[in-house]
Amino acid sequence: MLFSEIIGQQNIIKSLIKTVAENRVAHAQLFYGNQGHGKLALALAYAQFISCRSENKFQNEDSCGTCPSCVKYNKLIHPDLHFIYPVAESKLLKAKEKASSKAYIKQWREMLIENNYHVSLNDWYTKLDIERKQAGINTKDCSSIIHTLSYTSYESEYKIMIIWMIEKLNYQAAPKLLKILEEPPEKTVFLLIAEQTDLIIATILSRLHLIKIPKIDNQSLTQACINELGLDEKSATNLVYLANGSFKKANRIHHQFQNRQDNFNLFVKWMRACYLPDVKIILQTCDKLGKENREQAKNFLKFGIEALRNCLMIGINQENIVRIIEQEREFYTKFSPFVNTANISSFNEEFNKAIFHIERNVNGNMVFVDLSLTISKLMRIKETNLT
Ligand SMILES: [Zn+2]
């Protein structure tokens, strides 16, 4: 990670470079701030800069990216770069293997590189397929720090230990870590990362040099949305307005919107096929939906429930009480004659039943084929005149 790859944060970067130039790198630093401000990316760029061997790094105000140290940093495999993060038991462990940062280093590197170093605890839990409440920075990892750092550094002057989400430190593990922070081995730098300082054990917090990582400035964030998400300037500006200084949030909103558009397009195709009915298209669509992962399939069905409700509301002239995205309006209006007070509760029931089956791992393809046949019948139920 080069400083030039960081989104915004120019002031922080300047002050970090200065600490290296003036040879006053604090041995234990905490980078804290909200999700998506780039804390971990900054810590990594800082670590890489400390270790970079280029003579021009101060003049260029960045690591060179090409020296042997930088090359290993790019792949996160530098022997003097160590990571600790929250872990829990998972299916990924080998038999009798205990959960530790070391055991999951492959998944960790993958996640960082896949997400361009903008990662959240949720991303991590998803990657390991573990429950949020169980994960923590454990005693095994904290005990291993002394061992890991007791060797002289292999290639760099400094050994660097990045501890991610220190607020997840298990209470039992705290004394081990505290002891190391109080009596740190020579030439080691601890870079700790947290979202909230008030959740950090006080004795640990008091040992750290605090660096607040602020929101990303709007201009840098807009540029990142244009470059990395491929948006035009107007869409990027709108997105930045919603993202509140967080690239992670901008990214998430962008993908949710894309995902919604994908859901909408597929839903339109599916409903048309159910109406005709076009068995070939129905089977193709169900095959596609059946291959989605559980969360995506559920997400699609929930979108379907919302879409049908929108059709009903348009049909009974109650459009003002639902939020309809402009691009979707035409379809809902055309489709509204097929959703009415006589069939809406059956539609809801059938979609919820499908969600229930998907959650219980019933074959996705089968669930969607069944649902398609039911939809095809339900569409033909006409509004009954109650008067
Ligand atoms: Zn370098």
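Along every chain, residues carry numbers that run from 1 in the direction the sequence is written. Local features in this predicted model are restricted to residues whose pLDDT is 70 or higher, and side-chain atom pairs enter the listing and the counts only when it is 80 or higher, whereas totals over whole chains, interfaces and linings include all residues. To obtain the side-chain values, all non-hydrogen atoms of the structure were used and water was disregarded.

## A short note on the coordination of the zinc ion
So, point 1. Distances up to 2.8 Å from the metal define which N, O and S atoms are donors, and 3.2 Å serves for Na, K and Ca; water is absent from the atom set, so sites may look incomplete. Taken together, Cys 52 (SG), Cys 64 (SG), Cys 67 (SG) and Cys 70 (SG) make up the full set of protein donors to the zinc ion, lying 2.3 to 2.4 Å away.
So, point 2. Geometry at the zinc ion is tetrahedral, judged from its four donor atoms and the angles of 102 to 118° they form at the metal.
So, point 3. Between the donor residues of the zinc ion, the gaps in sequence give the motif C-x11-C-x2-C-x2-C.
So, point 4. Partly exposed describes any residue whose relative accessible area lies between the buried limit of under 20% and the exposed limit of over 50%, with all areas from a 1.4 Å probe on protein chains only and scaled to the type maximum. For Cys 64, a relative accessible area of 28% corresponds to the partly exposed category. Metal sites are grouped by the angles between bound donors: all angles between 85 and 135 degrees with four donors is tetrahedral, opposite donors over 155 degrees apart with the others between 65 and 115 is square planar for four donors and octahedral for six, and any other pattern is irregular.

## Notes on the packing of helix 16 (residues 344–359) against helix 17 (residues 364–378)
So, point 1. Where helix 16 contacts helix 17, the two axes come as close as 10 Å, and the packing angle between them is 175°. Taken together, the axes of helix 16 and helix 17 lie roughly antiparallel to each other. Residues Ser 346, Phe 347, Glu 350, Phe 351, Ala 354, His 357 and Ile 358 of helix 16 form the contact with helix 17, whose participating residues are Gly 364, Val 367, Phe 368, Leu 371, Thr 374, Ile 375 and Leu 378.
So, point 2. For the contact of helix 16 with helix 17, the per-class residue count stands at nine nonpolar, four polar and one charged. Lines are fitted to the C-alpha atoms to define the axes, a helix being fitted only along its stretch in contact, and any angle between axes, read from their N-to-C directions, falls within 0 to 180 degrees. Strands here mean DSSP runs of E at least two residues long; helices mean DSSP runs of H or I at least four residues long; both are numbered from the N terminus. Should an angle fall under 35 degrees it is called roughly parallel, over 145 degrees roughly antiparallel, and 65 to 115 degrees roughly perpendicular, with every other angle called oblique. Contacts between residues were defined by any pair of non-hydrogen atoms, one from each residue, lying within 4.5 Å. The classification used treats Ala, Val, Leu, Ile, Met, Phe, Trp, Tyr, Cys and Pro as nonpolar, Asp, Glu, Lys and Arg as charged, and all other residues, Gly among them, as polar.

## Concerning the pairing of strand 3 (residues 159–164)
So, point 1. Most of strand 3 sits inside the fold, with six of its six residues counted as buried.
So, point 2. Here strand 3 shows a buried face lined by Lys 159, Met 161 and Ile 163 and a second buried face lined by Ile 160, Ile 162 and Trp 164.
So, point 3. Strand direction decides the pairing type here: strand 2 (residues 81–84) and strand 3, joined by four bridges, are parallel. Along strand 3, the bridge assignment pairs Ile 84 with Ile 163.
So, point 4. Any two strands are treated as partners once DSSP identifies two or more bridges connecting them. Pairing of strand 3 with strand 4 (residues 188–194), which is carried by six bridges, proceeds in the parallel orientation. Across the sheet, the residue bridging to Lys 159 is Thr 188, located in strand 4.
So, point 5. Looking down the strands as they point away from you, a crossover is right-handed if its path from the first strand over the helix to the second goes clockwise. Taken together, strand 3, helix 8 (residues 174–182) and strand 4 constitute a β-α-β crossover, and its handedness is right-handed.

From the geometry alone we can't say anything about function, so treat these as descriptive.
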